[in-house]
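Chains, contacts and geometry: an overview
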Amino acid sequence: MKTAKIFATLAIAALALNTSAQLRNDPEGYTRLQFSFVPGKFSFEIDNALEDNIEIKTKGGSIAYIKGISLTNRIPLFLELGGRLTFTHGKDKESYDDFSIENKVSLMDIAIPCNVAYKFAFDSNDIEIIPFVGPNFKFNIVGIYKYSETKDGKTYKQKSSFFNEDDMKAIGGEKSKRFQMGMNLGVGFRFGGVYLGYQIQPDFSAYAKFNDESYEKKCKTFNQHVTLGFFL
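Residues numbered from 1 in each chain as written. Predicted model: local features only at pLDDT ≥ 70, side-chain atom pairs only at ≥ 80, totals over all residues. Heavy atoms only, no water.

Digging into the overall build of the protein
Within the protein, the regular secondary structure consists of 2 helices and 14 strands. The buried share among the 232 residues of the protein stands at 39%. Expressed as a percentage of contacts within the protein between residues at least 6 apart in sequence, the contacts between residues at least 24 apart total 64%. (Helix = DSSP H or I, 4+ residues; strand = E, 2+ residues; numbered from the N terminus. Buried < 20%, exposed > 50% of the residue type's maximum accessible area, 1.4 Å probe, protein only. Contact = heavy atoms within 4.5 Å.)

Take a look at the structure:
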């Protein structure tokens, strides 16, 4: 809800700028190299089950190359293409009187963003506002899940790859597909040659699936990118 309010506020601000400020249509394309801090979560969403959903908070980083291609000379509308390498890691631990459970994930992927962006460029200063939206095509390279439980002083550990069929069968799941589709939604700000941006990146398709007689469990990721970039 907070994220939705942020983007609604940004949309209203953009409309106000477009009607009141002195803007120029700048159809010139651009390229940039950007680095992001990536907080997010890896969620186990359980249907028709008595147990609660599990949510592992993750942190990591990404590096990306983005190319903005002008779609028309009349308005500053662009197609943003490029590549992004992201790594995230996180854990969740629950402790009781004599029993504890810990879940860990380590994820790495290469994504191909395909965004439509609009560039609000000011006449007086070298400042631009660039909101964007589009699909995110992701290829998962690494997906490691570690589970451990401790009871009566004894610890049981299990390490599994989401992309190994035997590993997933051992924990009641299906071998994950490497390809995933999600969404990019965000806004960037250009100050001369420097770029500052924020975006959300939810999954559309499941990262992993687990099946049981009484429930189905799906895993999805949700990442945020807080970005510092440089125009080339």
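After presenting the structure, the write-up continues.
Comments concerning the environment of Phe191
You can see Phe191 is positioned in strand 11 (residues 179-191). Judged by its relative accessible area of 42%, Phe191 is partly exposed. The spacing of Phe191 and Ile129 is 62 residues in sequence and 9.2 Å in space, taken between C-alpha atoms. Apart from the residues lying within four places of it in its own chain, the contact partners of Phe191 are Asp126, Ile127 and Leu196.

Some points on the side chain of Ser100
Within the fold, Ser100 resides in strand 6 (residues 99-118). Here Ser100 falls in the buried class, since its relative accessible area comes to 15%. Beyond its immediate stretch of four places on either side in the chain, Ser100 contacts Lys93, Glu94, Ser95, Ser148, Glu149 and Thr150.

So, the pairing of strand 13 (residues 208-211)
Burial along strand 13 is one-sided: Ala208 and Phe210 are buried, while Lys209 and Asn211, pointing the other way, are not. Judged from the 2 bridges that link them, strand 10 (residues 173-174) and strand 13 form a sheet pairing that is antiparallel. Considered in strand 13, the bridge of Glu174 is made with Lys209. (Pairing = 2+ DSSP bridges.)

Some remarks on the confidence of the model for the protein
Averaged over the protein, the pLDDT score is 85; the fraction of residues at 70 or greater is 82%. For residues 12-22, every residue scores under 50 in pLDDT, and the model assigns this stretch 10 contacts once sequence neighbours within four places are set aside. (pLDDT = per-residue confidence, 0-100.)

With respect to the environment of Thr72
Of note, Thr72 is situated in the loop between strand 4 (54-70) and strand 5 (77-95). Taking the C-alpha atoms as reference points, Thr72 and Glu28, separated by 44 residues in sequence, lie 9.9 Å from one another. Side-chain polar atoms of Thr72 contact the backbone nitrogen of Arg74, separated by 3.2 Å. (Polar contact = N/O pair within 3.5 Å; in protein donor to acceptor, adjacent residues only side chain to side chain.)

Section: the pattern of salt bridges
Following the criterion strictly, the structure yields 7 salt bridges and no others. Among the salt bridges present, the one from Arg32 reaches Glu80, with a minimum N-O distance of 3.4 Å. Of this pair, Arg32 sits in strand 2 (residues 30-37) while Glu80 is found in strand 5, placing the two residues 48 residues apart along the sequence. Linking Lys169 and Glu165 is a salt bridge whose minimum nitrogen-to-oxygen distance equals 3.6 Å. You can see Lys169 and its partner Glu165 sitting in helix 2 (residues 165-170), 4 residues apart, about one turn around the helix. Salt bridges linked by common partners bring Lys119, Glu128 and Arg190 together as one network. (Salt bridge = Lys/Arg side-chain N within 4 Å of Asp/Glu carboxyl O.)

Overview of the side chain of Asn140
By the secondary structure assignment, Asn140 is in strand 8 (residues 127-151). The exposure class assigned to Asn140 is buried, which follows from its relative accessible area of 2%. Only 3.1 Å separates the side chain of Asn140 from the side chain of Gln180, close enough to count as a polar contact. Excluding its chain neighbours within four sequence positions, the residues that come into contact with Asn140 are Met108, Asp109, Phe163, Lys177, Arg178, Gln180 and Tyr207.

Concerning the packing of aromatic side chains
In this structure the tally under the stated criterion is 13 aromatic pairs. Where Phe44 meets Phe210, the ring centres are 6.2 Å apart and the plane angle is 40 degrees; that geometry is what we call tilted. Taken together, the positions of Phe44 in strand 3 (residues 40-47) and Phe210 in strand 13 put the pair 166 residues apart, joining distant regions of the chain. On the basis of relative accessibility, which here comes to 3%, the residue Phe44 falls in the buried class. For Phe210, a relative accessible area of 6% gives the class buried. Each residue in the set Phe42, Phe44, Tyr145, Phe162, Phe163, Tyr207 and Phe210 is aromatic and connected to the rest through ring pairs, giving one cluster. It is Arg178 that lies over the ring of Phe163; its NZ or CZ is 4.1 Å from the centre. Residue placement shows Lys217 over the ring face of Phe210; its charged tip is 5.5 Å from the ring centre. (Phe/Tyr/Trp six-rings, centres within 6.5 Å; stacked < 30°, edge-to-face > 60°. Lys NZ or Arg CZ within 6 Å of the ring centre and 35° of its normal.)

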